[in-house]
Amino acid sequence: MSEMSTRQDLLKGSAAVRKEMPFRTYFKLNWVLYLMLVPGLLNLLLFKYLPMYGIVVAFQNYTPKGGFLGSQWVGLKHFQAFFRDPYCGRVIANTFILGIESLIISFPAPILLALLLNELRYPRFKKVVQTISYMPYFLSVVIVVGMMRELFSMTDGPINALREMIGLERQNYFMMPSAFRPLYIGSGIWQGIGYSSIIYLAAIAGINPEIYESSVLDGANRAQQMWYITLPCILPTISILFIMAVGGLLGNDYQKILLMYSPRTYSTADVVNTYVYRYGIETAGNNLSYSSAVGLLLNVVSLVFLVVANFVTGKLSETSLF
């Protein structure tokens, strides 16, 4: 009887009961939940933590014959070589610029779409708009870039056809360094804005309707409700996703960049990830250790950004990941 009572208290969310209860008793009551954690923890251990041992490659002249234990140890040689590389400044600058521009332009887009969808009065029209906005997300990067190449084709693309109709010259956009970032960011927004708005719509759906009803009695219009109720209520969600976005600031979609760029656009399109790909896979010779060192450096900087963003966001909004 006491066990049943304790379980009922836990189901009611009694924090005091959970805090005072011995862990052995709590585990006995909830062992099924702990059992459900096992597959996820095993996946995390096998595919996330154990492969981290491969970091040692960045400090070696790695050869498949020598392996992790038999390859020559060279310390920070590859890191020093990267900073002495004449293209180091270019790829670092391009990585930061593309990441910051993507964050500034792309991050608010799904928030704005979610707020606009929330204001639609006709449920059927809202569902149609949501479905249309979600669809591009399920297209592969290859298809998206192929569509872009057809759309902006210099010979028979509709964009250049419009330019010719208004008296402007045709442009080969995929060979223009100045056009790469707008194409990359714009296509990213088009492809991901609908899918990314789902979590914001879920957060909006969790807002108590009585708050809106009270604001109507106080004379608030729809714009004031959105600004003073909807946005503050989803601010914790925005904060968490912003921290994660800052953590991925330098992790540009290199697969998409590889499909879009060419040597003529390296000045704006070549980022650290594509640089690592070329030197680690395309270039002949043993460059695995060098590429691993550059990739490790990028991940360390991303971790620093994540920690700083988490600290600042926690201070400003009292919401953080850890």
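Please refer to the structure placed before this passage.
What counts and how
Residues numbered from 1 in each chain as written. Predicted model: local features only at pLDDT ≥ 70, side-chain atom pairs only at ≥ 80, totals over all residues. Heavy atoms only, no water. Salt bridge = Lys/Arg side-chain N within 4 Å of Asp/Glu carboxyl O. Helix = DSSP H or I, 4+ residues; strand = E, 2+ residues; numbered from the N terminus. Buried < 20%, exposed > 50% of the residue type's maximum accessible area, 1.4 Å probe, protein only. Phe/Tyr/Trp six-rings, centres within 6.5 Å; stacked < 30°, edge-to-face > 60°. Expected span 1.5 Å × (residues − 1). Arc of directions from axis to C-beta. Contact = heavy atoms within 4.5 Å. Axes fitted to C-alpha atoms, helices over the stretch in contact; angles between N-to-C directions. Parallel < 35°, antiparallel > 145°, perpendicular 65-115°, else oblique. Left-handed = near helix turned anticlockwise from the far one by under 90°. Nonpolar A, V, L, I, M, F, W, Y, C, P; charged D, E, K, R; others polar.

Student: Requested: an account of the pattern of salt bridges, with residues and values cited.
Tutor: Inspection of the entire model under this criterion finds four salt bridges. For Arg90, the salt bridge goes to Asp270, with nearest N and O atoms at 2.9 Å. Of this pair, Arg90 sits in helix α7 (residues 88–106) while Asp270 is found in the loop between α16 (266–269) and α17 (272–282), placing the two residues 180 residues apart along the sequence. For Arg90, a relative accessible area of 24% gives the class partly exposed. In this structure, the salt-bridge partner of Arg222 is Glu119, at a minimum N-O distance of 2.9 Å. In this pair, Arg222 sits in helix α14 (residues 222–247) while Glu119 sits in helix α8 (residues 108–119), placing the two residues 103 residues apart along the sequence. We classify Arg222 as partly exposed; its relative accessible area is 30%. By relative accessible area, which is 21% here, Glu119 ends up partly exposed.

Student: Pulling in residues and values, what's your account of the packing of aromatic side chains?
Tutor: Across all of its chains, the model carries 20 aromatic pairs by this definition. When the centroid spacing of 5.1 Å and the interplanar angle of 45° are considered together, the rings of Phe27 and Tyr34 count as tilted. A relative accessible area of 29% places Tyr34 in the partly exposed class. On the basis of an interplanar angle of 25° and a centroid distance of 5.9 Å, the ring pair of Phe180 and Tyr184 is categorised as stacked. Of this pair, Phe180 and Tyr184 both sit in helix α12 (residues 177–205), four residues apart, which is roughly one turn of that helix.

Student: Break down helix α9 (residues 123–134) for me, with residues and values.
Tutor: Between its first and last C-alpha atoms α9 spans 16 Å; for twelve residues at 1.5 Å apiece the expected length is 16 Å, and the two agree. Within α9 the residues assigned to the buried category are Gln130, Ser133 and Tyr134. What you see down the axis of α9 is that its buried residues fit within an arc of 95°, all on one side. Set apart from the buried face of α9 by more than 90 degrees, the exposed residues are Arg124 and Ile132. Elements in contact with the buried residues of α9: α8 and α12.

Student: Got a sec to walk through the packing of α8 against α9? Specific residues and values, please.
Tutor: As a packed pair, α8 and α9 sit with axes 10 Å apart at the nearest point and diverge in direction by 160°. Between α8 and α9, the crossing angle belongs to the class labelled roughly antiparallel. Pair α8 / α9 crosses with left-handed handedness. Where α8 abuts α9, its residues Leu113, Leu117 and Asn118 lie against Lys126, Val129, Gln130 and Ser133. Split by residue class, the contact of α8 with α9 holds three nonpolar, three polar and one charged.

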